[in-house]
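A structural walkthrough
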Amino acid sequence: GKYTAITCFIGIMALVFYLTFNVIGAWLQGILEIGIDKISALTDAALTAANVNSAMHSLVIDGIFTGVGSVLSFLPVIVTLFFFLSLMEDSGYIARVAFVMDKLLRKIGLSGRSIVPMLIGFGCSVPAIMATRTLSSERDRKMTILLTPFMSCSAKLPIYTLMISAFVQRQYRVFAMVGLYLIGIVCAVIYALILKMTKFKGEPVPFVMELPNYRLPSAKSVLHLIWEKAKGFIQKAFTIIFLASIIIWFLQTFDLRFNVAASADQSMLALIGSLIAPIFKPLGFGDWRVSTALITGFTAKESVVSTLTVLLGGDVTSVATLFTPFTAMVFLIF
């Protein structure tokens, strides 16, 4: 519908977020967290019984289990979100969204085709940027590539979920989550208008596409997409985040003389973090632990959560000591 299509799309996405973060995803996440905690407790007891060296014990429990486990617990949230997105794509609804959004996107200098990479960008920026190869115009391609990272990808979900759970009352969490996505979209629109008036002057190419018939989503293709996303997330958890957790644990445990640090404040990590912290102080989070987490976030967004969890001694709920509700929102937007 001319006036209802975009409203319906926003409503559908809000419902998807509600079911993902408050109902299905949250319930599954709780179950997985209990499982990870039990495995961690059993491993802890086994290492204690075997009288394993205290540093190695700390590496396994405080480094690997705390770092990787904290990120793995967000797997159900990501799988649930992709389940709904794959249903929308396989039913033929996403093609209609591209068609409806064409008129709106033309006002910021893009064609309706650009909506597909941008929607994929809500899952992961890498395949989204690769998907711009289907755009016929080089101008549209480059503009879409520059705007795609403003879409909140699934790698940011663990950070969003952690901070919103800690600082936002339960009944307002959906609005906070939708708000973060909308802020990203608004920033993308402003940036697109700047690009349209400067670097990428001109009009986008005409938009022609064949709309597929509405159909019931195929269970096989939906499960395949979910499996691919889950596999990618697990691989990242056991490679990049695994290494990042070990490095963070090592830097946090030892001082410059490679002796076990008397406290976290005297560790190598505290020294590195305190050098970076002044940069972020004007934003309201000048704590060295937050600065360190942001730096590890450049390798993988999910590492922000694993780093904070390791630095807070596994008690992720104490993240409230590092932020006020206002600086937490500033941190999320940053």
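Structure: above.
A brief look at the structure comes next. (Residues numbered from 1 in each chain as written. Predicted model: local features only at pLDDT ≥ 70, side-chain atom pairs only at ≥ 80, totals over all residues. Heavy atoms only, no water.)

1. Here we look at the packing of aromatic side chains
- For the coordinates displayed, the defined rule picks out 14 aromatic pairs.
- Centre to centre, the rings of F9 and Y93 are 6.5 Å apart; their planes meet at 40°, and the pair counts as tilted. Highlighted residues: F9 in helix α1 (residues 5-49) and Y93 in helix α4 (residues 93-106), separated in sequence by 84 residues. As far as the burial class goes, F9 and Y93 line up, both buried.
- Consider the rings of F280 and F334, whose centres lie 5.7 Å apart with planes at 85°: the pair is edge-to-face. One end of the pair, F280, is in helix α12 (residues 268-280); the other, F334, is in the segment after α15 (325-333), with 54 residues separating them in the sequence. (Phe/Tyr/Trp six-rings, centres within 6.5 Å; stacked < 30°, edge-to-face > 60°. Helix = DSSP H or I, 4+ residues; strand = E, 2+ residues; numbered from the N terminus. Buried < 20%, exposed > 50% of the residue type's maximum accessible area, 1.4 Å probe, protein only.)

2. Here we look at the packing of α1 against helix α2 (residues 54-72)
- Packing of α1 against α2 brings their axes to within 11 Å, and their N-to-C directions diverge by 170°. With respect to their mutual orientation, α1 and α2 come out roughly antiparallel. Taken together, the residues of α2 that come into contact with α1 (itself represented by L32, I36, I39, S40, T43, D44, L47 and T48) are H57, V60, I61, F65, G69 and L72.
- Residue composition of the contact of α1 with α2, by class: eight nonpolar, five polar and one charged. (Axes fitted to C-alpha atoms, helices over the stretch in contact; angles between N-to-C directions. Parallel < 35°, antiparallel > 145°, perpendicular 65-115°, else oblique. Contact = heavy atoms within 4.5 Å. Nonpolar A, V, L, I, M, F, W, Y, C, P; charged D, E, K, R; others polar.)

3. Here we look at helix α8 (residues 157-167)
- Most of α8 sits out of view: nine of its 11 residues are buried.
- Residues of α8 that are buried include every one of L157, P158, I159, Y160, T161, L162, M163, I164 and F167, and no others.
- Considering only its buried residues, α8 is in contact with α1, α3 (75-90), α9 (173-197), α14 (303-311) and α15.

4. Concerning α2
- If you check α2, its first and last C-alpha atoms are 25 Å apart, about what 19 residues at 1.5 Å a residue would give, namely 27 Å.
- Along α2, the helix axis deviates most sharply at F65, where the bend reaches about 35°.
- At the N-terminal end of α2, a side-chain oxygen is found 2.8 Å from the backbone nitrogen of A55, two or three residues along, and the residue is N53. (Expected span 1.5 Å × (residues − 1). Bend = angle between axes of the 7 residues up to and from the residue. Polar contact = N/O pair within 3.5 Å; in protein donor to acceptor, adjacent residues only side chain to side chain.)

5. A word on the layout of surface pockets
- Of the pockets and cavities examined, the largest pocket occupies roughly 780 Å³.
- Q29, E33, S73, F74 and V316 are the residues nearest the centre of the largest pocket, which is lined by 31 residues in total.
- When contributions to the lining of the largest pocket are tallied by element, the ones reaching two or more residues are α1, α2, α8, α9 and α14.
- Looking at the lining of the largest pocket, the element that brings in the most residues is α1, giving nine residues.
- By residue class, the composition of the lining of the largest pocket is 14 nonpolar, 13 polar and four charged. (1 Å grid on protein atoms, 1.4 Å probe; cavity = no way out; pocket = protein on both sides within 12 Å on 5 of 7 lines; lining within 4 Å. Points joined across faces, edges and corners; volume = space filled by probe spheres on them.)

6. Notes on the pattern of salt bridges
- Enumeration over the complete set of coordinates arrives at five salt bridges.
- One salt bridge connects D90 with R215, and the closest N-O pair in it is separated by 3.2 Å. Here R215 lies in the loop between α9 and α10 (219-237) and D90 lies in helix α3, a separation of 125 residues in the sequence.
- Relative accessible area serves as the criterion here: at 13%, D90 is assigned to the buried category.
- The exposed category is assigned to R215, whose relative accessible area is 53%.
- A salt bridge links R139 to D140; the nearest nitrogen and oxygen atoms lie 3.0 Å apart.
- Take R139: its relative accessible area is 14%, and that puts it in the buried class.
- Look at D140 and you get buried, because its relative accessible area is 1%. (Salt bridge = Lys/Arg side-chain N within 4 Å of Asp/Glu carboxyl O.)

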